[in-house]
Amino acid sequence: MPSLDVNDTTLHYEDEGSGPALLFLHGWGTSGRVWDAQVPDFARDHRVVTVDWRGCGRSARPRWGNTTAGVVADLVALIDALRLDRPVVVGSSIGGTFATELGLLRPELTAGVVPVGAPGYWPSTRPQDQAGLLTRLRRDRVGTVTAWVPGWYAPGTAPALIDRTVRQILGSGVHIDEHQDAARRYDPRPALPGLRVPIHYVHGELDAAIPLEVARTCAALTPGAGLSVVAGAGHMPHQELPGRFNAVLRSALATVTAAA
């Protein structure tokens, strides 16, 4: 099982294929396994790296560093250690936040960013909702996650897929809740006009967790940004409709790499 020691923690990663590098980042509490339907397709012509960021999946669960800055620092160390040559960073949900922040802070390390269902500024417009979520997680983690996660998916999603996501989140460390707290204060909009790497937003048409308007607003603020909508998908389009998502992602990668 490949792992890497960085910044006083241990990260699990997978590294397959050869060609232009792609770095896939999962969302809150899940793991690199959310990209299982993408890895075989894209590893045919790319070097594909998935990572379980700190606190999640098969990585260590430290009490410290569970911040956007901490995760971005881990990604910088990972890119250096694996000698990834300016990967395009594809991030689901809060993974899209990490990808965007990496592009803002260290543009020389990335060829582009593809946020998928990224929350952007949305949680900061609902700080009381975020506070309530944190309270519920502390009081009844199992019940809260079990009730919350089905709303991430479009109607008709297989229950087994939803259950798999619930189990991943419940298996991750509790210290990742710091990300939910920080989301109350995070708003990338002032920084987006200064982004110096190509970015292409991907968003599920039926995303009930993060409205499509968030991606539209962020794209409008980001010079040269693109936006693709995955028809019929919710917050996890890469899992819900992998064939459709993979086609959209390939188109987005072509746009991003052409602009790099």
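These numbers come from a predicted model, not from an experiment.

What counts and how
- Residues numbered from 1 in each chain as written.
- Predicted model: local features only at pLDDT ≥ 70, side-chain atom pairs only at ≥ 80, totals over all residues.
- Heavy atoms only, no water.
- Helix = DSSP H or I, 4+ residues; strand = E, 2+ residues; numbered from the N terminus.
- Rg over C-alpha atoms; globule rule 2.2 N^0.38 Å.
- Buried < 20%, exposed > 50% of the residue type's maximum accessible area, 1.4 Å probe, protein only.
- Contact = heavy atoms within 4.5 Å.
- Areas by Shrake-Rupley, 256 points an atom, 1.4 Å probe, with all protein chains shown as cover.
- Polar contact = N/O pair within 3.5 Å; in protein donor to acceptor, adjacent residues only side chain to side chain.
- Axes fitted to C-alpha atoms, helices over the stretch in contact; angles between N-to-C directions.
- Parallel < 35°, antiparallel > 145°, perpendicular 65-115°, else oblique.
- Left-handed = near helix turned anticlockwise from the far one by under 90°.
- Nonpolar A, V, L, I, M, F, W, Y, C, P; charged D, E, K, R; others polar.
- Pairing = 2+ DSSP bridges.
- Right-handed = clockwise from strand over helix to strand, strands pointing away.
- Phe/Tyr/Trp six-rings, centres within 6.5 Å; stacked < 30°, edge-to-face > 60°.
- Salt bridge = Lys/Arg side-chain N within 4 Å of Asp/Glu carboxyl O.

**Focus on the overall build of the protein chain**
Consideration 1: When helices and strands are counted, the protein chain shows 10 helices and eight strands.
Consideration 2: What you see for the protein chain is a C-alpha radius of gyration of 17 Å, in line with the 18 Å of a compact globule of 260 residues.
Consideration 3: The 260 residues of the protein chain split such that 56% are buried.
Consideration 4: Here the analysis covers contacts within the protein chain between residues at least 6 apart in sequence; of these, 77% occur between residues at least 24 apart.
Consideration 5: Carbon and sulfur atoms provide 54% of the accessible area of the protein chain, an area that totals close to 10,600 Å².

**Things to note about the side chain of Arg-54**
Consideration 1: With respect to the helices and strands, the residue Arg-54 is situated in the loop between β4 (47–52) and α2 (68–81).
Consideration 2: Polar side-chain contacts of Arg-54 include one of 3.2 Å to the backbone oxygen of Asn-7.
Consideration 3: Side-chain polar atoms of Arg-54 contact the side chain of Asp-74, separated by 2.7 Å.
Consideration 4: Excluding anything up to four places from it in sequence, Arg-54 contacts Val-6, Asn-7, Thr-9, Leu-11, Ala-60, Pro-62, Trp-64, Gly-65, Asn-66, Val-71, Asp-74 and Ile-176.

**Considering the packing of α2 against helix α3 (residues 94–105)**
Consideration 1: One can describe the packing of α2 onto α3 by two numbers: an axis separation of 10 Å at closest approach and a directional angle of 70°. Here α3 runs roughly perpendicular to α2, going by the angle between their axes. Crossing handedness for the pair α2 and α3: right-handed. In contact with Thr-68, Val-71, Val-72, Leu-75, Val-76 and Ile-79 of α2, α3 contributes Phe-98, Glu-101, Leu-102 and Leu-105.
Consideration 2: Here the residues of the contact of α2 with α3 sort into eight nonpolar, one polar and one charged.

**Some thoughts on the pairing of strand β8 (residues 226–230)**
Consideration 1: Here β8 shows a clear split, with Gly-226, Ser-228 and Val-230 buried on one side and none of Leu-227 and Val-229 buried on the other.
Consideration 2: Summarising the sheet, strand β7 (residues 200–204) and β8 pair through five bridges and their orientation is parallel. Among the inter-strand pairings, His-200 is bridged to a residue of β8, identified as Gly-226.
Consideration 3: At this point the chain moves from β7, through helix α8 (residues 212–221), to the parallel β8, and the crossover so formed is right-handed.

**Some words on the packing of aromatic side chains**
Consideration 1: Applying the stated rule across the entire model yields six aromatic pairs.
Consideration 2: An aromatic cluster of at least three residues, connected via ring pairs, comprises Phe-24, Trp-35, Phe-42 and Phe-245.

**Description of the side chain of Asp-41**
Consideration 1: Along the polypeptide, Asp-41 turns up in helix α1 (residues 39–42).
Consideration 2: What makes Asp-41 buried here is its relative accessible area of 19%.
Consideration 3: A polar side-chain atom of Asp-41 sits 3.3 Å from a polar atom in the side chain of Asn-246.

**Focus on the packing of helix α4 (residues 127–139) against helix α5 (residues 141–148)**
Consideration 1: Interhelical geometry of α4 versus α5 gives an angle of 130° and a closest axis separation of 5 Å. Regarding the angle of α4 to α5, the classification is oblique. Between α4 and α5, the residues in contact are Leu-133, Arg-136, Leu-137 and Arg-139 and Arg-141, Thr-144, Val-145 and Trp-148, respectively.
Consideration 2: Among the residues forming the contact of α4 with α5, the class breakdown is four nonpolar, one polar and three charged.

**Re the pairing of β7**
Consideration 1: Counting buried residues along β7, five of its five residues qualify, which places the element largely inside the surrounding structure.
Consideration 2: Here β7 shows two buried faces, one formed by His-200, Val-202 and Gly-204 and the other by Tyr-201 and His-203.

**Remarks on the pattern of salt bridges**
Consideration 1: In the structure shown here, the tally under the stated rule is 15 salt bridges.
Consideration 2: The salt bridge partner of Arg-164 is Asp-36, with a shortest N-O separation of 2.9 Å. One end of the pair, Arg-164, is in helix α6 (residues 159–171); the other, Asp-36, is in the loop between β3 (21–25) and α1, and 128 residues separate them in sequence.
Consideration 3: Classification of Asp-36 as partly exposed rests on a relative accessible area of 30%.
Consideration 4: Its salt-bridge partner being Arg-106, residue Glu-108 comes within 2.4 Å of it at the nearest N-O pair.
Consideration 5: For Arg-106, a relative accessible area of 32% gives the class partly exposed.
Consideration 6: One network of salt bridges, with partners in common, ties together Asp-41, Arg-44, Asp-45 and Arg-250.

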